[in-house]
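# Structural overview for review
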Amino acid sequence: MTDDVVDVLIIGAGASGAAVAWSLADTRMRIMCIEQGDWMNPAEYASTRRDWELALGNEYAISPNTRKRPADYPINDEHSPIAVANFNAVGGSTILYSAHFPRFKPSDFRHCTLDGIGDDWPISYADLDPFFAMNDANIGVAGLAGDPAYPYHEPPLKHIPIGLMGEVMGRGFNKLGWHWWPSDSAIATEDYEGREKCVNLGPCNGGCAKGAKSSADVTYWPIAQRAGVELMTNCRVREILVNDQEMATGVVYYDADGHEQIQRAEVVIMACNGVGTPRLLLNSKSTSFPDGLGNRSGLVGKNLMLHPWGNVQGVFDEPLESHFGPQGCCTLSQEFYETDRTRGFVRGYNMQITRGGGPISTAINGMSSGTIPWGQAHHTQFERFYDRTVNLGICCEDLPEECNSVTLDPEITDSNGIPAPKINYRLSDNSHKMLQHGLDRGVEVMQAAGAWQTNTMGPIRMAGWHLLGTARMGKDAATSVVNEWGRSHDVKNLFIVDGSVFVTSGGVNPTTTIQAVALYIADKIKSNLANLFD
Amino acid sequence: MADGIISTDAPLTADQRGIVQAVINLIIPVSDDGRMPSAADYDMIGYIAAHSPHHLPAIANDADKLDRAAHEKFEAGFVEMTFAEQLQLCESLRSDSPDLFRALATDTAICYYQQDAVLEALGLDARAPFPQGYSVKTGDLSLLDPVRSRGPIYREA
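Residues numbered from 1 in each chain as written. Chains lettered and ligands numbered in written order. Predicted model: local features only at pLDDT ≥ 70, side-chain atom pairs only at ≥ 80, totals over all residues. Heavy atoms only, no water.

### Observations concerning the pairing of strand S2 (residues 31-34) of chain A
Residue and element names in this part refer to chain A. The test is simple: A simple rule labels every residue: compare its accessible area, found with a 1.4 Å probe on the protein chains alone, to the largest value its type can have, and call it buried under 20%, exposed over 50%, or partly exposed in between. Comment: elements are numbered from the N terminus, with helices defined as DSSP H or I runs of at least four residues and strands as E runs of at least two. Two strands pair if DSSP finds at least two bridges between them. Seen with the strands pointing away from the viewer, any crossover whose path from the first strand over the helix to the second strand runs clockwise is right-handed.
Here S2 shows no split at all, with Ile31 and Cys33 on one side and Met32 and Ile34 on the other all buried. Sheet topology places strand S1 (residues 5-11) next to S2; four bridges connect them, and they run parallel. Considered in S2, the bridge of Ile10 is made with Cys33. In this fold, S1 hands off to helix H1 (residues 15-24), which returns the chain to S2; that crossover is right-handed. Sheet topology places S2 next to strand S5 (residues 230-232); three bridges connect them, and they run parallel. Its bridge partner being in S5, Ile34 is matched across the sheet by Met232.

Here you go:
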């Protein structure tokens, strides 16, 4: 419908698109969201099956290249030691995220000022603080107030159960005098806003059949739709259109039947994540923007940050009931988060305590590593590992580097023939040192907690969950893609609200900060409606 | 269907099935105390045919390879050997060829650890996690006292 013009067109119905749709709904503007995926059916999620552990590596694999659902697009990540993870559906990657929900800290926005590296954000923790709280309330975040690693905040719901394994690890951290705390978790631990409380199904990362995990499809979208936001699913945007005045006029997309369509809009908001957004901008070439839309800085796709990831597994003598509870949510430690140059690197990392494996993964991993043999000893060895393992993830802050990038693959396309993204990425020397430090400290705390065996792994390839920095925010059009409230420097009715706009990556899972930034930008749009394009 | 013919509904010959069945019993035999059943008590081949049929050609080849080795080293068919001899031969071959029966071992573990008797022997309910879920201890938060007493550790900015 080329003559049908909506006021606001949002591309992508994931974490940030849902938040911005919810926020803008109260303007009574006509708002439409286009999403390449469909609604998910929770009755099909992993936890509804006995072989749920298997489903996590197949239908609910984190890599689109493995999963290959109709909504997925291929990503060439052969030139990266870290493969990209995402999910394409209403709710986006929150369908599969673990819901570990720590915020960025004040120092994350002030790299240059505090550490003399990189750039400061044009906004601060204080600017986002009300939007963190708003997001926590909107979606239902569980946590324990008073974490000394953060400015004081009160999560609206009771903290996640840390279980026996959380206590064992807590004693280990205490023995070393290190920080730890029950992690903020995007999980309804109490009945909340029409959703029933979490019953500890376990594999949150295979979708939450209970609906207790605060994914965007069960939190923001039902409210946004009731408020009048239109959501078109199974529609994939090919490019954003611009006119001679260098204003976005809408998008070209393929509908569910593969037919090319045009949707006009007064304002276009991109919420496609740190890979999808630069891909779409680079695919949107025109006479005015031959290098991609909004790319006069040359920085679209540059400064990709992925959070190099390590894992330390500890095996304990006693049963810890360790595979019960939300898989990715238990406790965290931010003992090594802030810069201490005596460690040999700048910035730091988050330690995320996660639950152990279930029976199938315990057996498969043990058999493939040789620790669980064939024969009668299978049973005795299985019992030494099953229910006795704890995992500790190391989430390393990634520094922005222009050489780490998203470009367009010259050959690979998606099912609609749209050029696929190509990742060029390497770990910096700083990241290598930080990761090794984290793995060593992970072993130390596992041993302090009583583990009789530790196994380390890192950098882990299949861990590119956090896609950040590829359309960075800043006040200078020469060194950034969008301004301090998410508006393209080059196209005045084009906004970006996803992790692409991050100037730095922090050392934590970014979704709460992504949603806070999206709500902040939506608030700026609303407060500047009268002169939005000036 | 003749025993020597491989088809989509009979992907292994009778001889191969016998060998594979014996190998499954080696991978996870009955436990010494009898609490855990043998994987061979279950229809593993049927499970593989239903869920991982692409593994069957390699499994058939490995069965033939194993039987040839049995004749060479023990002058007997694999299924006629004792459990200890079978295990010894498999371990010997797997030390040289780690991929031997790798897919079979994985499929066996996946199927085995979904069985009612197995899950119940591990102290689990024989069901999927949903809808009942599980009970998890809240945890002793007094353990956080030393963390609290240390005070803020983040940098103001």
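### Structural notes on unusual backbone geometry
Keep in mind that most residues, glycine aside, have a negative phi and that most peptide bonds are trans. Pro459 of chain A follows Gly458 of chain A through a cis peptide bond whose omega is 0°. With respect to the helices and strands, the residue Pro459 of chain A is situated in the loop between strand S15 (453-457) and strand S16 (494-496). A cis amide bond, omega 10°, links Phe130 of chain B with the succeeding residue Pro131 of chain B. Among the secondary structure elements, Pro131 of chain B is positioned in the loop between helix H6 (116-121) and helix H7 (145-150). Positive phi values are uncommon outside glycine, yet Glu193 of chain A reaches one of about 50°. Within the secondary structure layout, Glu193 of chain A lies in the loop between strand S4 (181-182) and helix H7 (220-226). By relative accessible area, which is 66% here, Glu193 of chain A ends up exposed. Phi is positive for Asn303 of chain A, which is not a glycine, with a value near 65°.

### Notes on the side chain of Thr504 of chain A
Residues and elements named next belong to chain A. We count it as follows: Two N or O atoms count as a polar contact when they lie within 3.5 Å, although within protein this holds only if one can serve as hydrogen donor and the other as acceptor, and sequence-adjacent residues are included solely when both atoms are side-chain atoms. Contacts: residue pairs with any heavy atoms within 4.5 Å of one another.
In this structure, Thr504 sits in the loop between S16 and helix H12 (511-527). Looking at Thr504, its side chain comes within polar contact range of the side chain of Trp121, at 2.8 Å. When residues no more than four places from it in sequence are discounted, the contact partners of Thr504 are Phe104, Asp108, His111, Asp119, Trp121, Met305 and Glu397.

### Concerning the sheet that holds S15 of chain A
Residue and element names in this part refer to chain A. Let me state the cut-off plainly: Only the stretch in contact is used when a helix axis is fitted, and all axes are lines through C-alpha atoms; the angle between N-to-C directions ranges over 0 to 180 degrees.
The antiparallel open sheet is built from six strands, whose spatial order is S4-S10-S11-S12-S9-S15. Where the open sheet ends on each side, the last strands, each with one partner, are S4 and S15. Pairing analysis gives two bridges linking S4 to strand S10 (residues 331-333), with the strands arranged antiparallel. In the sheet register, Pro182 faces S10, and the bridge partner there is Thr331. Helix H6 (residues 163-176) contacts S10, strand S11 (349-354) and strand S12 (389-396) of the sheet and is inclined by roughly 145° relative to S11.

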